[in-house]
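# Coordinate inspection notes
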Amino acid sequence: MRRMTRMMDKRYSLLTTTMLPLACACSLVGVALWAPGAHAVEPAIGSFQLAASDVISNIVVEGNQRIEPETVRSYMVFKQGDVYDDQKVDESLKTLFATGLFADVTIRREGNRLIVAIAENPVINRVAFEGNNAVNDDALETEVQLKPRTIYTRAKVQGDVQRIVDVMRRSGRFSATVEPKVIQLPQNRVDLVFEIDEGPVTKIGGINFIGNQEFSDGRLREIIATSESAWWKFLSSSDNYDPDRLAFDRELLRRHYLSEGFADFQVVSAVADLSRDGEEFFITFTVEEGEQYTFGPSQVTTELDKLDIDKLNSLILTLEGDTYDAGLIDKTVDALTFEAGTKGYAFSEVRPRVRRDKETLIAAVTYRITEGPRAYVERINIDGNLRTLDRVIRREMRMAEGDAFNRVLLERSEKSIRALGFFAAVEVTEEPGSAPDQTIINVAVQEQSTGELSLGFGFSSTDSALADISLTERNFMGKGQLLRLRLALSGTSQQIDMRFTEPYFLGRDLVAGLDLFGVENDFQDESGFDERVTGFGFRFGFPLSENGRILTRYALRREEITNLTTAAQAFIRPRDEIKSTVGYTYYLDRRNDPVVPTGGWDLEIDQEFAGAGGSVRYIRNEITARTYYEITDEFLASLRLKAGAIEGIGQDVNISDRFFIGGSDFRGFERSGVGPRDLVSDNALGAQAFAVGSAEVTFPNFLPEALDITTSLFTDVGIVGTADQDDIGTIVRVEDDLTPRVTAGISVYWQSPFGPVRVDLSQAIKKEEYDKTEAFRFSAGTRF
């Protein structure tokens, strides 16, 4: 009992000594809170209390010149009234620097004010390049990111320096250096100058191959785009080292071996070693050829009702027993896709399945045709047209945004764009859109010169020279319009000829044109008279089908025949007549390529009627047909037939309206050198009918491909004759033998950097004694 009493006394004593002071403290706090005139408690810091000086009362921006203070504050992660936080200050610094607007930023604290001191990056006034000769300023301007009126930053300058170095390396100058210079200007502006030291061109000292057995090193060097340096390649850049071209060479090698049956071929490595003197690269390709395969049985399978299996199987190019060729598989897929598209399956998919048997070395191919998912054109992107307007390209597209995607129409669109003749290269590709049923069409073009300055001259069998000159712009102001201003001054002709053609009249697929012309022809050597023609005409054309067009025309001209020689007066009279003509030209194009055809044909029919007014009446007909056939990859054959006839209506045909054949029309004879002729005056009388056929075969010349020279053998065969002689006076003898003429020769064509150059060397095999031959003919032109 006593023990319990003592324990309770101890607990009471402990409670009194510990709890009583705490209770007193709480009482004092309560009194302080409720006492009149007592001050408010400071904000809590952490979990207890916060000092008033930690709240940001104002954010002051200093050092700004162009940028408004509110813009600077908008980039910061805190605002006025927020609690000061070192972490948020660091984040704000990073955000301000990331804008690229400031060269320096500091944030300091003065009491409850926050001072943001900035140094703005200058604005670029001008970007210039110095020391560049191999690459012009325009090419460099497209590469660099810094432009006038943009913000200068050191990081962007260093990035542009590397871009310029990369451009120089692609041009073969691996020792090029670039040093940026900054010129300070008032109002915080700068001029940025890139000083370029191009250095020497790094050439290709040698190209070697390891692992090739079927093809020699020399043959493989002909396949790739890169070539070894040689003195005669001063006009080519293929002998400059370019890493991008080296990657393309790998693909060219792969395509070549796959076309020769080596389905397992691969390029193990392509290494470029720089010589010790830094002037040449030595390239080594390591390849694994594998075994050569042949095609096994090929077939087409499909469940689409409208497709004829027999018709589809006839389109297969991968024939059993032939050497395996991946290119033939691609061509078969294209042919099957096109055939399915013509039958209404615009979204068909052709998937080839190749089964290779490594023991028998036979590759069997099965083409599976299914109706793919329906897709629509989301967007059409056009790139590379620096001069040609977008609408000129878009109007050649057979599809527009929102239309159902169709591969057949896509192929026709690419063909139509190539047919314009404005671009050196055209590539139309597709990529997935923003949704599974959307596709994006990309049209990449490479501009080429469309202005032409043509020069031509030739040497005939009588040692006479023939020359002509013309100036043409086929893409006037990038609108696709044709403007031709011909000021021809030669030994036989003075001509002023202006032609303007609008290919999309009134925004529709209609052709409209206006012609103004004045011509003075000196036919003294050929026929003993001078001719003057002045007049005007207009043209209007429209399509009749996807591949056919018709062009109608009207012309009113005044024709004068003057300065007749004594001999010429025997068969022609002086005259001054008005001729009014209407006509049309129908053109049907079924070639596989409008620029470099290797298959297909085209046909042109021209008819003209004179007599819709004026004093001259006749009907004139001409037809031209051409066909192309690819014998092999290196041999291309073409056939051409051109024929014409003219018949007077109630009157004889004037000599100036007849056909004067020769020159480029019938190689091996000079202009007006074949056909009816007066042997007394040695004047050509012109023919009322002719037919000339030409056969030409292009063959390899074993010259480096970098020279871009093609050669061909040709033979021309034709008959030229019949001329009205009712009104011809006393003539001793007129020869008008409608006998065949035959010529043959060789033609050399060079697509030089200055323009096309063509040389024809020909020999007349069968001719008449009075014909005028021409063994050599030269023509050249330049483009701008």
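Starting afresh in each chain, residues are numbered from 1 along the sequence in its written order. Residues qualify for local features only when their pLDDT is at least 70, as the model is predicted, and side-chain atom pairs are given and counted only at 80 or more; totals for whole chains, interfaces and linings, by contrast, use all residues. Think of the side-chain values as coming from all heavy atoms in the structure, minus any hydrogens and water.

Elements are defined by DSSP. Helices are runs of H or I of four residues or more, strands are runs of E of two residues or more, and each kind is numbered from the N terminus. On a plain count of helices and strands, the protein comes out with 11 helices and 34 strands. Each residue gets one of three labels from its accessible area relative to the maximum for its type: buried under 20%, exposed over 50%, partly exposed in between, using a 1.4 Å probe on protein chains only. Within the span of the protein, comprising 784 residues, buried residues form 38% of the whole. Taking all contacts inside the protein whose residues are at least 6 apart in sequence as the whole, residues at least 24 apart take part in 58%. Only heavy atoms enter the contact rule, under which two residues are in contact if any of them lie within 4.5 Å.

Only the stretch in contact is used when fitting a helix axis, every axis being a line fitted to C-alpha atoms; angles between N-to-C directions are given from 0 to 180 degrees. Two numbers describe how helix α9 (residues 326-342) lies on helix α11 (residues 407-419): the axes approach to 8 Å, and their chain directions differ by 115°. As summarised for this structure, α9 and α11 are arranged roughly perpendicular, according to the angle between their axes. Residue-level contacts link Thr337, Phe338, Gly341 and Thr342 of α9 to Arg407, Val408, Glu411 and Arg412 of α11. Lys, Arg, Asp and Glu make up the charged group, whereas Ala, Val, Leu, Ile, Met, Phe, Trp, Tyr, Cys and Pro make up the nonpolar group; the residues left over, Gly among them, are polar. Classifying every residue of the contact of α9 with α11 gives 2 nonpolar, 3 polar and 3 charged. Every angle not falling under 35 degrees, over 145, or within 65 to 115 is termed oblique; those three ranges are roughly parallel, roughly antiparallel and roughly perpendicular.

This next bit is on the sheet that holds strand β14 (residues 423-432). We treat two strands as partners when DSSP finds at least two bridges between them. Taken together, the 3 strands give an open sheet; going across it, the order is β13-β15-β14, and neighbouring strands pair in mixed fashion. Unpaired on one side and paired on the other, β13 (376-383) and β14 mark the two borders of the sheet. With direction set aside, neighbouring strand axes in the sheet form an average angle of 15°. Two strands pair when backbone bridges link them, and β14 and strand β15 (residues 438-447) are joined in this way by 9 bridges, in the antiparallel orientation. When the bridges of β15 are listed, Val428 appears paired with Val443. Contacts from α11 reach β14 and β15, with the element oriented near 160° to β14.

Let's shift gears to the nonpolar core. When a protein is soluble and globular, its nonpolar side chains tend to lie buried together. One finds Val300, Leu307, Tyr324, Leu336, Tyr367 and Ile369 to be the most contacted residues of the largest nonpolar core, which totals 21 residues. Mapped by element, the contributors of at least two residues to this core are β10 (294-302), α9 and β12 (362-371). Counting residues per element, this core draws most heavily on α9, at 5 residues. Ignoring anything within four residues of it in the chain, the contact list for Val300 reads Ile309, Leu312, Asn313, Ile316, Leu336, Tyr367 and Ile369. Leu146, Val157, Val161 and Val165 belong to the second-largest nonpolar core, a separate cluster that totals 20 residues. For the purposes of this section, nonpolar cores are sets of buried Ala, Val, Leu, Ile, Met, Phe, Trp, Tyr and Cys residues that join through side-chain atoms within 4.5 Å.

Our next topic: α9. An ideal rise of 1.5 Å per residue puts 24 Å on 17 residues; α9 measures up with 25 Å between its terminal C-alpha atoms. Within the span of α9, buried status applies to Ala326, Ile329, Thr332, Val333, Leu336, Thr337, Glu339, Ala340 and Gly341. Buried residues in α9 make contact with α7 (243-259), β10, α8 (309-314), β11 (348-357), β12 and α11. Between N or O atoms, a polar contact is any pair within 3.5 Å; within protein, one atom must be a potential hydrogen donor and the other a potential acceptor, and residues adjacent in sequence are included only when both atoms are from side chains. At the N-terminal boundary of α9, the capping side chain belongs to Asp325, with an oxygen 2.9 Å from the backbone nitrogen of Gly327. Immediately downstream of α9, the backbone of Gly344 shows phi near 100°, a positive value. Here, expected helix span is obtained from the residue count minus one, scaled by 1.5 Å.

A few words now on unusual backbone geometry. You will see that Asn188, though not glycine, has its phi angle at about 55°, which is positive. Relative to the elements of secondary structure, Asn188 occurs in the loop between β5 (177-185) and β6 (189-197). Accessibility expressed as a relative area gives 18% for Asn188, which makes it buried. Positive phi, normally seen in glycine, also occurs at Met477, with a value near 55°. Structurally, the position occupied by Met477 is in the loop between β17 (465-476) and β18 (481-489).

With that settled, consider a nonpolar patch on the surface. What makes a patch is a set of residues exposed beyond 30% relative accessible area and free of salt bridges, joined within 9 Å when like-charged and within 5 Å when nonpolar (Val, Leu, Ile, Met, Phe, Trp, Tyr). Here the accessible surface of atoms and residues is derived via Shrake-Rupley with a 1.4 Å probe, and residues count as covered only by protein chains that are part of the display. For salt bridges, the criterion is a side-chain nitrogen of Lys or Arg within 4 Å of an Asp or Glu carboxyl oxygen. Together, Leu485, Met498, Leu514, Leu516, Phe536 and Phe538 make up an exposed nonpolar region whose accessible area comes to about 500 Å². Counting residues per element, the ones that place at least two in the nonpolar patch are β20 (511-522) and β21 (530-543).

As a further point, take the environment of Phe500. Checked against the element boundaries, Phe500 lands in strand β19 (residues 493-502). Along the backbone, Phe500 and Leu482 are 18 residues apart, and their C-alpha atoms lie at a distance of 5.5 Å. When neighbours within four sequence positions are excluded, Phe500 is seen to be in contact with Gln481, Leu482, Leu483, Ala512, Gly513, Leu514, Asp515 and Arg539.

Let us look at the sheet that holds strand β7 (residues 203-210). With respect to topology, 3 strands assemble into an open sheet ordered β7-β9-β8, the strand pairing being mixed. Each of the sheet's edge strands pairs with one partner strand only, and the pair in question is β7 and β8 (266-274). Taken over all neighbouring pairs, the strand axes of this sheet differ in orientation by 15° on average, direction set aside. Across the sheet, α7 touches β7, β8 and β9 (280-288), and the angle it forms with β8 is around 150°.

Okay, the layout of surface pockets next. Cavities and pockets are found on a 1 Å grid laid over the protein atoms alone: a cavity is a set of points where a 1.4 Å probe fits but cannot escape, a pocket is an open set with protein on both sides within 12 Å along at least five of seven lines, and a lining residue has an atom within 4 Å of such a point. Grid points are joined across faces, edges and corners, and a volume is the space filled by probe spheres set on the points. Estimates place the volume of the second largest pocket at around 550 Å³. Taken together, 14 residues form the lining of the second largest pocket, with Ala134, Asn136, Ala139, Gln446 and Glu447 sitting closest to its centre. Taken together, the elements giving at least two residues each to the lining of the second largest pocket come down to α4 (137-143), α5 (154-170) and β15. Among the elements that make up the lining of the second largest pocket, the one with the highest residue count is α4 (3 residues).

Nothing here speaks to function; it is geometry throughout.
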